[in-house]
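Take a look at the letters that make up each chain.
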Amino acid sequence: MNGRRFLSIGECMVELSQAGDGLLRKGFAGDTFNTAWYARACLGADWSVDYFTALGDDAMSDEMAAFIAEAGIGTSLIRRIKGRTPGLYMINLKNGERSFSYWRDSSAARSLAADPDHLREAVEAADVIYFSGITLAILPQEDAATLLAEIRRAKAVGKLVVFDPNIRPRLWSSYDVMHTTISEGARSSVLVMPSFDDEAAHFGDDSIEATVHRYRALGALNVVVKNGADGVTLNFAGEETFVPAEKVEKVVDTTSAGDSFNGAFLARYLDSEDAPAAARFAAGVAARVVSEHGALVPREKLGLSGG
Ligand code: ADP
């Protein structure tokens, strides 16, 4: 089949990291964008990858859009909002420990679902739709409901809807809203790709099985539970498989390990429909990502063969 479309929905931010001597280095990153980046790097030319977000009309928004386009990711669906700017975060380093400061409360991306017709057109044109708990967390509650309604329509007509709960409590107004909305995100999806640490901490799951069963009981047919260096557990239509992580000599930076795993997994799964093989491939890509600095490791360093 030719010309299939992968749509990732969420927020990409300006990233500032320490470059020594008090200097800061500027980059661009964000969970759903990172996954789009790795999906693009791993998918063949018969797939297009589009990013769905909202940006402002300032120079930084232009620069981010150019960066996204340069990665081979479509930007034609990105709404531009007058007078707004992208969100920003800074990676602080103190005694080797990383911490993050965010300026995203009024980012343009918070309005990404404010035009329901535009959102509907984008979702209808896609074959695969990817979103996360962060996508839902940044939206006003009524816009999150609009997005979820579109996602459910997509699921109902047989599209592959993929959700990473990516639980970030401080983005949510309350635990209650977080639990309800993330559960709704999973219920609206076909494939859920959680990280076990987050699920144990915030949903109280005492085992990987508990995470798998909770999401399957909500209505997700397939679940991939990531568990860092301890590998992933897949449950596809009830059939369970474990795939170990790859051994990494020296872990340098685990930023976007899960995002890269998701992007690589989906790229391979979309072409082969072989979930365990896709997970083995993704474990290889994620192992390379944690061996390098930064969220976005260039394609040349991912050990992919072929064009
Ligand atoms: P998240 O970043 O969402 O918390 P994980 O930490 O579970 O996700 O990591 C996602 C994937 O990245 C794992 O399934 C594994 O393939 C790879 N990975 C993460 N940490 C390591 C590690 N220390 N060694 C090898 N692979 C790792």
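Residues numbered from 1 in each chain as written. Predicted model: local features only at pLDDT ≥ 70, side-chain atom pairs only at ≥ 80, totals over all residues. Heavy atoms only, no water.

- Within an unreviewed UniProt entry, the label attached to the protein reads Sugar kinase, and the organism entered is Rhizobium bangladeshense.
- Taken directly from UniProt, the Sequence similarities (unreviewed entry) text for the protein runs: "Belongs to the carbohydrate kinase PfkB family." (UniProt positions renumbered as here; feature names shortened; annotations may be inferred.)

## Some thoughts on unusual backbone geometry
- Positive phi values are uncommon outside glycine, yet N166 reaches one of about 30°.
- The topology assignment puts N166 in the loop between strand 10 (160–164) and helix 6 (175–187).
- Unlike most non-glycine residues, A237 shows phi in positive territory, near 50°.
- Relative to the assigned elements, A237 resides in the loop between strand 13 (232–236) and strand 14 (239–243). (Helix = DSSP H or I, 4+ residues; strand = E, 2+ residues; numbered from the N terminus.)

## Examining the packing of aromatic side chains
- Applying the stated criterion to the full structure yields 15 aromatic pairs.
- Taken together, a centroid distance of 4.7 Å and an interplanar angle of 35° make the contact between F131 and F163 tilted. Placement of F131 in strand 9 (residues 128–132) and of F163 in strand 10 is noted, with a sequence separation of 32 residues between them.
- The class for F163 is buried, based on a relative accessible area of 0%.
- Arranged with centres 6.5 Å apart and planes meeting at 70°, the rings of F203 and Y215 form a pair that is edge-to-face. Of this pair, F203 sits in helix 7 (residues 196–203) while Y215 sits in helix 8 (residues 208–218), placing them 12 residues apart in sequence. Across the pair, exposure class does not vary: F203 and Y215 are buried alike.
- Put simply, the rings of F28, F33, W37, Y51 and F67 touch in pairs and so form one group of aromatic residues.
- Over the aromatic face of F203 sits the side chain of R214, whose NZ or CZ is 3.9 Å from the ring centroid.
- Across the ring face of F281, the terminal group of R268 is positioned such that the distance to the ring centre comes to 3.8 Å. (Phe/Tyr/Trp six-rings, centres within 6.5 Å; stacked < 30°, edge-to-face > 60°. Buried < 20%, exposed > 50% of the residue type's maximum accessible area, 1.4 Å probe, protein only. Lys NZ or Arg CZ within 6 Å of the ring centre and 35° of its normal.)

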